[in-house]
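Fold and contact review
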Amino acid sequence: MKPRAIMHLDMNAFFASVEQRCNPALRNKPIAVIGAQQRTVVTTASYEARAFGVKTGMTIKEAKKHCPHLILVVGDNPKYTDTCVTLTSLFTHYTPIVEVFSIDEAFLDITGSLTLFHNAIHLATLIKKEIKDALGLTCSIGIAPNKLLAKLASNLEKPDGLVEITTEEVPSLLEHLPVKELCGIGPRLEHALAEMGITTCGELGRTSMALLKRRFGIVGEYLHAMGRGIDDSPVIPLEEEALPKSIGHSITLPHDVSQRKVLEQYLLKLAEMVGRRLRRHHLQGRTVTLTIRYRDFTTFTRQFTLTYPIDHSHDIYHTAGKIITTIRLTQAVRLLGVSISQLSPKRVQLPLFREEQKRAIVTTLMDKVNNRYGEFTITWGALLFPFHHYGVISPAWRPEGARKVEYGHRTTKGGCT
Amino acid sequence: MVLKEAHPIKVGAVFGDKKKIRPVWFVWEGSTHRIKEITYTWSSREGHALLYHFSITDGADNLYELCYRTDSATWHLLALEESN
């Protein structure tokens, strides 16, 4: 069988690069893109800022300590999500098998395209040129026989890299490569492997599968394969992606909050956001999960499973509210999250009782107005408090389907022609 | 700097083929600014309305964000940053 040719494409310092394209005054300068919330962290740092040690996830204070002349830019999510849509469409000029891995990463199965484009390096060069011409952005591309190695290859040369790993090169490349370089091996797994005396991919590949399975269960089997550079997972195009396991939203509150009344307002807002997404994609769910993060960053979740599926915002709010009443809050709350899981396609059950009928009509009408004029154009009276939730782009965000979230932007109603 | 509210403005633009829109000049605070460079473009949605955003610079290297709403065929200034 012909070996697969998989490409991994990683946009370099994506959000920061987009901002540097937008504003010529920011080019070649250390910048950090931060969230729109009052309490935020660095979401992406430019390569110029990274040279000073500024990293994703740092607080602004920490980042400024590393780079006092760091320029902070408030992120604009619609700009990045639309760029991802443009990129995804551009990739389909080269292959129909495109998997959006995150907002700034994608896998392309180019096995079937090689006869049209001579070879993988030539194809990658064309993609890089098209991205540069259309958007002015650079990317790193890795090409290999599978997704694991393609991702590894794209990490080997940044920014603006192009690396191909051939089947013959795999054993020598992996022999001394630290296990943490493989996608999927995080600090905890790295530590657990180190306790077994495994620090390189070569050692991981030579460790018996039985031993790894005893220690890590089913994951041990994958680890054994990963150590030898084997990965049979397919590139899954957007239209073939499975239904999401859950749909949720969270908010870092502008200030730590102890009053339950205030928390309930945020819960209603989150429930409405979750309910809207469920109804837009004709889904319903049974398990409502509430996430709370305290002032000291202690985070925990509590969930409640209903005997019947729901998609109405008020039902989600009511269930989340029931959960919060069972919790004795020991500190002020920093972050609140609501999600719903055990999803299934919506089944239409005509409401039997008058109150239910009224509620269904009101919900349908509210959805129609909000679909026409934008989110929260018409909403619950309790939500008329001045809080704008611009959101953070989740790693699960996708350019289509139930994983797509439309992020808030500045409104422009009224104007000149 | 993001403006507190979107300012309706007058814009001269070329609506070309392939659905491309290219703003050429705009009027802001009584004077006409010629657009030197369109540095980035993107789109967003507000309900059914499709919004085209243009990050642009003028002759004085000031940076502006213009937005065109397709439902009302109106232009707005959303942000501006004056060069030092």
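Everything numeric here is computed off the predicted structure, so don't read it as measured data. (Residues numbered from 1 in each chain as written. Chains lettered and ligands numbered in written order. Predicted model: local features only at pLDDT ≥ 70, side-chain atom pairs only at ≥ 80, totals over all residues. Heavy atoms only, no water.)

1. Examining the overall build of chain A
Test applied: Strands here are runs of E lasting at least two residues and helices are runs of H or I lasting at least four, both read from the DSSP assignment and numbered beginning at the N terminus. Both definitions apply: the radius of gyration is a C-alpha atom measure, and the globule rule equals 2.2 Å times residues to the power 0.38. The contact criterion used is simple: two residues touch if any of their non-hydrogen atoms lie within 4.5 Å. All accessible-area figures derive from a Shrake-Rupley calculation using a 1.4 Å probe, and residue coverage is judged against the displayed protein chains alone. His is not counted here, nor are the chain ends, while Lys and Arg score as positive and Asp and Glu score as negative. By convention, the charge on Lys lies at NZ, on Arg at CZ, on Asp at CG and on Glu at CD.
The secondary structure content of chain A amounts to 14 helices and 13 strands. Taken over the C-alpha trace, chain A has a radius of gyration of 24 Å; the compact-globule value for 417 residues is 22 Å, and the two agree within 12%. Viewed in the frame of its principal axes, chain A has a C-alpha envelope of about 70 × 60 × 45 Å. The long-range share in chain A, meaning contacts at least 24 apart out of those at least 6 apart in sequence, stands at 65%. Accessible surface for chain A amounts to roughly 21000 Å². Of this, 57% is attributable to carbon and sulfur atoms. Across chain A, the centroid of the 52 positively charged side chains sits 8 Å from that of the 40 negatively charged ones.

2. Let's talk about the layout of surface pockets
Any space left empty among the atoms is revealed by the rolling of a water-sized probe across them. Rules: Each cavity reported here is a set of points on a 1 Å grid over the protein atoms alone in which a 1.4 Å probe fits but cannot get out, each pocket an open set with protein on both sides within 12 Å along at least five of seven lines, and each lining residue one with an atom within 4 Å of a point. Grid points are joined across faces, edges and corners, and a volume is the space filled by probe spheres set on the points. Nonpolar residues are Ala, Val, Leu, Ile, Met, Phe, Trp, Tyr, Cys and Pro. Charged residues are Asp, Glu, Lys and Arg, and all others, Gly as well, are polar.
If you add up the space inside the second largest pocket, you get close to 1100 Å³. Around the second largest pocket sit 38 residues that line it, and A:Asp82, A:Thr86, B:Thr41, B:Trp42 and B:Ser43 are the ones nearest its centre. Looking at the lining of the second largest pocket, the elements that each hand over two or more residues are helix 4 (77–91) and helix 5 (120–135) of chain A together with strand 3 (21–28), strand 4 (31–46) and strand 5 (49–58) of chain B. Residue composition of the lining of the second largest pocket, by class: 15 nonpolar, 11 polar and 12 charged.

3. Some thoughts on the packing of helix 10 (residues 209–216) of chain A against helix 11 (residues 218–227) of chain A
All names here are of chain A. To keep things clear, this is the line we draw: To obtain an axis, a line is fitted to C-alpha atoms, over the contacting stretch when the element is a helix, and the angle between two such axes runs from 0 to 180 degrees between their N-to-C directions. Put simply, angles under 35 degrees are roughly parallel, angles over 145 are roughly antiparallel, angles from 65 to 115 are roughly perpendicular, and the rest are oblique. The hand of a helix crossing depends on one turn: near helix anticlockwise from the far one by less than a right angle means left-handed, and clockwise means right-handed.
Axis separation between helix 10 and helix 11 bottoms out at 6 Å; the angle between their running directions is 140 degrees. For the element pair helix 10 / helix 11, the angle class is oblique. In this structure, the crossing between helix 10 and helix 11 has a hand that is right-handed. Contacts between helix 10 and helix 11 involve Met209, Leu212, Lys213 and Phe216 on the former and, on the latter, Ile218, Val219, Gly220, Glu221, Leu223 and His224.

4. Some words on empty space enclosed by the protein
All names here are of chain A. Taken as a whole, this structure holds 2 cavities of 30 Å³ or more when the rule is applied. Taken as a whole, the largest cavity spans an internal volume of roughly 60 Å³. Looking at the largest cavity, the residues that line it are Leu9, Met11, Cys84, Leu87, Thr88, Phe91, Val100, Ser102, Ile103, Asp104, Glu105 and Ala106. Looking at the lining of the largest cavity, the elements with two or more residues in it are strand 1 (6–11), helix 4, strand 5 (98–102) and strand 6 (105–109). Across the lining of the largest cavity, the residue classes break down as 8 nonpolar, 2 polar and 2 charged. By volume, the second largest cavity amounts to about 40 Å³. If you trace the second largest cavity, you find it lined by Glu272, Arg279, His312, Ser313, Thr363, Met366, Asp367 and Trp380. Those elements that place two or more of their residues in the lining of the second largest cavity are helix 12 (260–280) and helix 14 (354–373). The greatest single-element share of the lining of the second largest cavity, amounting to 3 residues, is contributed by helix 14. Residues that form the lining of the second largest cavity fall into these classes: 2 nonpolar, 3 polar and 3 charged.

5. Notes on the sheet that holds strand 6 of chain A
Residues and elements named next belong to chain A. Basically, it comes down to this: Any two strands between which DSSP finds at least two bridges are classified as paired.
Taken in spatial order, the 5 strands make up an open sheet running 5-6-1-7-8, and their pairing is mixed. The open sheet terminates on both sides in strands that have one partner only, identified here as strand 5 and strand 8 (162–164). For this sheet, the mean inter-axis angle between neighbouring strands, taken without regard to orientation, is 15 degrees. Pairing between strand 7 (residues 139–144) and strand 8: 3 bridges, direction parallel. The residue of strand 8 that forms the bridge with Gly142 is Val163. Where helix 5 meets the sheet, it contacts strand 1, strand 6, strand 7 and strand 8, and its direction lies at approximately 160 degrees from that of strand 7.

6. Describing the domain arrangement of chain A
All names here are of chain A. Quick reminder of the rule: For the domain bounds, the source is a domain assignment made automatically or taken from a database. The term buried area means the drop in 1.4 Å probe accessible area that two parts suffer when joined, counted for both and summed. We define a salt bridge as a contact between a side-chain nitrogen of Lys or Arg and a carboxyl oxygen of Asp or Glu at a distance within 4 Å. Polar contacts, as counted here, are pairs of nitrogen or oxygen atoms within 3.5 Å of one another; within protein the pair requires one atom able to donate a hydrogen and one able to accept it, and residues that are adjacent in sequence qualify only if both atoms are side-chain atoms.
Domain boundaries in chain A define domain 1 (1–165 + 396–417), domain 2 (169–227) and domain 3 (245–383). Put simply, the middle of domain 1 and the middle of domain 3, counted by C-alpha atoms, are 31 Å apart. Listed by partner, the interface residues are 8 residues for domain 1 and 13 residues for domain 3. Considering only the side of domain 1, the residues that lose the most area to domain 3 are Gln38, Arg39 and Ala402, jointly responsible for 61% of the buried surface there. The tally of links from domain 1 across to domain 3 stands at 0 salt bridges. Run the count over domain 1 and domain 3 and you get 0 residue pairs in polar contact (both at pLDDT 80 or more). Residue composition of the side of domain 1 that touches domain 3, grouped by class: 2 nonpolar, 2 polar and 4 charged.

7. Some remarks on the nonpolar core
All names here are of chain A. The criterion, for reference: Take the buried residues of types Ala, Val, Leu, Ile, Met, Phe, Trp, Tyr and Cys, join any two whose side-chain atoms come within 4.5 Å, and each joined set is a nonpolar core. The buried label goes to any residue with under 20% of its type's maximum accessible area, the exposed label to any with over 50%, and the partly exposed label to all in between, with areas taken from a 1.4 Å probe on protein chains only.
With 44 residues, the main nonpolar core has Met7, Phe14, Phe91, Ile127 and Ile131 as its most contacted residues. The dominant element in this core, judged by the number of residues it contributes, is helix 5, at 6 residues. By size, the runner-up hydrophobic cluster in this structure holds 34 residues, among which are Ile251, Leu268, Leu270 and Leu343.

8. Things to note about a nonpolar patch on the surface
Heads up, the condition is: A patch consists of residues whose relative accessible area exceeds 30% and which take part in no salt bridge; residues with like charges are grouped when within 9 Å of each other, and nonpolar side chains (Val, Leu, Ile, Met, Phe, Trp, Tyr) when within 5 Å.
A cluster of nonpolar side chains, namely A:Ile218, A:Val219 and A:Tyr222, defines an oily patch on the protein surface of about 310 Å² accessible area. Mapped onto the elements, A:Val219 comes out in helix 11.

9. Overview of the environment of A:Ser313
Residue and element names in this part refer to chain A. Among the structural elements, Ser313 can be located in helix 13 (residues 313–325). In this structure, the C-alpha to C-alpha distance between Ser313 and Glu272, residues 41 residues apart in sequence, is 4.7 Å. When sequence neighbours within four positions are dropped, the list of residues in contact with Ser313 reads Ala271, Glu272, Gly275, Arg276, Arg279 and Trp380.

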